[in-house]
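Next come the chains, spelled out residue by residue.
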Amino acid sequence: MSVHLSVVIPCYNEIEGLAALRERVTAACEAHAGGPWEVILVDDGSTDGTTESIRAAAADDPRYAGLILSRNHGHQIALTAGLHYAQGARILILDADLQDPPELLGDMMALMDDGADVVYGKRISRAGETLFKTASAALFYRFLNRLSEVPIPEDTGDFRLMSRRALDVLNAMPEQHRFIRGMVSWIGYRQVALEYHRDKRFAGETKYPLRKMLRLTVDALTSFSILPLRLASWLGLITAMLSVPLLIYVLISWIVGGTVQGWVSLTGIVVLFGGIQLIVVGIIGEYVGRMYMQSKNRPLFLVDSFDRQGEGPFRATSPAASPAVALAEGSSDHGHA
Ligand code: UDP
Ligand code: MG
């Protein structure tokens, strides 16, 4: 039985919205999948009963599977895990909070029938989000695009439909610090936008506090640009040029017997350049740290169990392409990975 459509949904403490999610996703798939479909609910180390709920859904409906991770790995990694387990010819990425309407599946499928490899949702409005979130997101995407070597569509989250060949490329990318919407842009092929209105969260509150948003921002910048590393060169060039007239002035005042004043300017210069140097070292550190983490080659995620009816133990296939995405499964019935 070949799966036409896989829906991958990372869930972190989403107990309140899960029943509604299931209902709407099931309806959307029944209407638009055009063949056998599966939904992979990824439990990203939830602590509020989401795990049990996901297991129950998998036990209750053969079309639902539960991928329980060993702990909280973060949204991008939870999504990565689910994508490795998806078997479908087309793959829909969805959030658990119903901000992105699953009913758009029909339009997305139609665009893919016309030959698109990726149909990404582009938000033309966002309900129920703070001004800070919309403003910072808008600023972030524009800034990122200036720096990034591949254009990354603005006002776009991870909500998208992907073809199998695009997903296979994504799954073969071994990077630890993942900014998936950017990685998908990098792949290329034919990518088209579908504009939509983003709803407010169905239930619960955002799982992206400022801290996580900042981390994703730095991951995105470092993953898609090395321009910040050139900051030191540019700052050095500018200060070197500025220092020429200053040096001439210093020489002249020495010749004409200028005084020994200058505590203020000297301190100012030391403080300013001390600050600039530390910032530049910090930026280099961001890159070096990521290289260090990557060089450890740890698995991207660990799976506690994959719950699905029928078919028996199921193992993801594609990660073998890269040792960095090796999987381990903890369930007792099929030993060590
Ligand atoms: N999420 C996750 N792990 C995390 C944080 C979030 O799997 O550590 C999931 C969350 O359950 C949701 C999706 O990622 O399905 C997006 O999170 P959220 O809706 O809180 O982000 P926002 O829409 O506020 O940016
Ligand atoms: Mg959300």
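Small disclaimer: the values here were computed from a predicted structure and weren't measured. (Residues numbered from 1 in each chain as written. Chains lettered and ligands numbered in written order. Predicted model: local features only at pLDDT ≥ 70, side-chain atom pairs only at ≥ 80, totals over all residues. Heavy atoms only, no water.)

**What to know about the overall build of the chain**
Convention followed: Secondary structure is summarised from DSSP: a helix means a run of H or I of at least four residues, a strand means a run of E of at least two, and numbering begins at the N terminus for each. Whether a residue is buried, partly exposed or exposed follows from its accessible area with a 1.4 Å probe, protein chains only, as a fraction of its type maximum: under 20%, in between, or over 50%, in that order. Contact between two residues is taken to exist if any of their heavy atoms lie within 4.5 Å; hydrogens are not considered. Note on areas: Shrake-Rupley, 1.4 Å probe, and residue coverage restricted to the protein chains presented here.
Along the backbone of the chain there are 10 helices and 8 strands. Taking the principal axes of the C-alpha coordinates as reference, the chain spans close to 90 × 45 × 35 Å. The proportion of buried residues among the 337 residues of the chain is 45%. Counting contacts in the chain only where the partners sit at least 6 residues apart, residues at least 24 apart contribute 83% of the total. Just so you have it, the chain exposes about 17,300 Å², and 64% of that area is on carbon and sulfur atoms.

**Focus: the pairing of strand S2 (residues 37-43)**
Put simply, the rule reads: Two strands qualify as a pair provided that DSSP identifies no fewer than 2 bridges between them. Handedness of a crossover is defined as follows: with both strands directed away from the viewer, a clockwise route from the first strand across the helix to the second makes it right-handed.
Of all 7 residues that make up S2, 7 are buried, and the element is covered over most of its length. Burial of S2 is two-sided: the residues Trp 37, Val 39, Leu 41 and Asp 43 facing one way and the residues Glu 38, Ile 40 and Val 42 facing the other way are all buried. Two strands pair when backbone bridges link them, and strand S1 (residues 5-11) and S2 are joined in this way by 7 bridges, in the parallel orientation. Bridge pairing in S2 links Val 7 to Val 39. Viewed along the sheet, the connection from S1 through helix H1 (residues 18-32) into S2 turns out right-handed. Inspection of the sheet shows S2 paired to strand S3 (residues 64-69) by 5 bridges, in the parallel sense.

**Observations concerning the nonpolar core**
For clarity, the cut-off: Nine residue types can take part in a nonpolar core, namely buried Ala, Val, Leu, Ile, Met, Phe, Trp, Tyr and Cys, and a core is a set of them joined through side-chain atoms within 4.5 Å.
Membership of the largest hydrophobic core comes to 44 residues, with the highest contact counts inside it found for Leu 67 and Leu 170. Take this core: its biggest share by element is 6 residues, from helix H3 (residues 75-85). Here Leu 170 is in contact with Leu 83, Met 162, Arg 178, Ile 180, Met 183, Val 184 and Ile 187, once residues within four sequence places are set aside. Membership of the second largest hydrophobic core comes to 32 residues, among which are Leu 5, Ala 20, Leu 92 and Met 112.

**Section: the packing of aromatic side chains**
Worth spelling out the cut-off: Ring pairs are drawn from Phe, Tyr and Trp, using the six-membered ring of Trp, whenever the two centres fall within 6.5 Å, and their geometry is named by plane angle: stacked under 30 degrees, edge-to-face over 60, tilted for the rest. Ring-over charges, as used throughout, are those where CZ of Arg or NZ of Lys falls within 6 Å of the ring centre and within 35 degrees of the ring normal.
Considering all chains together, one arrives at 6 aromatic pairs under this definition. With centroids separated by 5.0 Å and ring planes inclined at 55°, the aromatic side chains of Phe 140 and Tyr 141 adopt a geometry described as tilted. Here Phe 140 matches Tyr 141 in class, with each residue buried. Aromatic side chains Phe 179 and Phe 224 sit 6.2 Å apart centroid to centroid with 70° between the ring planes, which places their arrangement in the edge-to-face category. Within this pair, whereas Phe 179 is found in the loop between helix H6 (164-171) and helix H7 (180-187), its partner Phe 224 is found in helix H8 (residues 210-224), the two being separated by 45 residues in sequence. Judged by its relative accessible area of 0%, Phe 179 falls in the buried class. A connected cluster of aromatic rings, assembled from ring pairs, spans Phe 140, Tyr 141, Phe 179 and Phe 224. Taking the ring centre of Tyr 64 as reference, the NZ or CZ of Arg 22 above it sits at 5.2 Å. Here the guanidinium or amino end of Arg 165 rests over the ring plane of Tyr 189, the centre of that ring lying 3.7 Å away.

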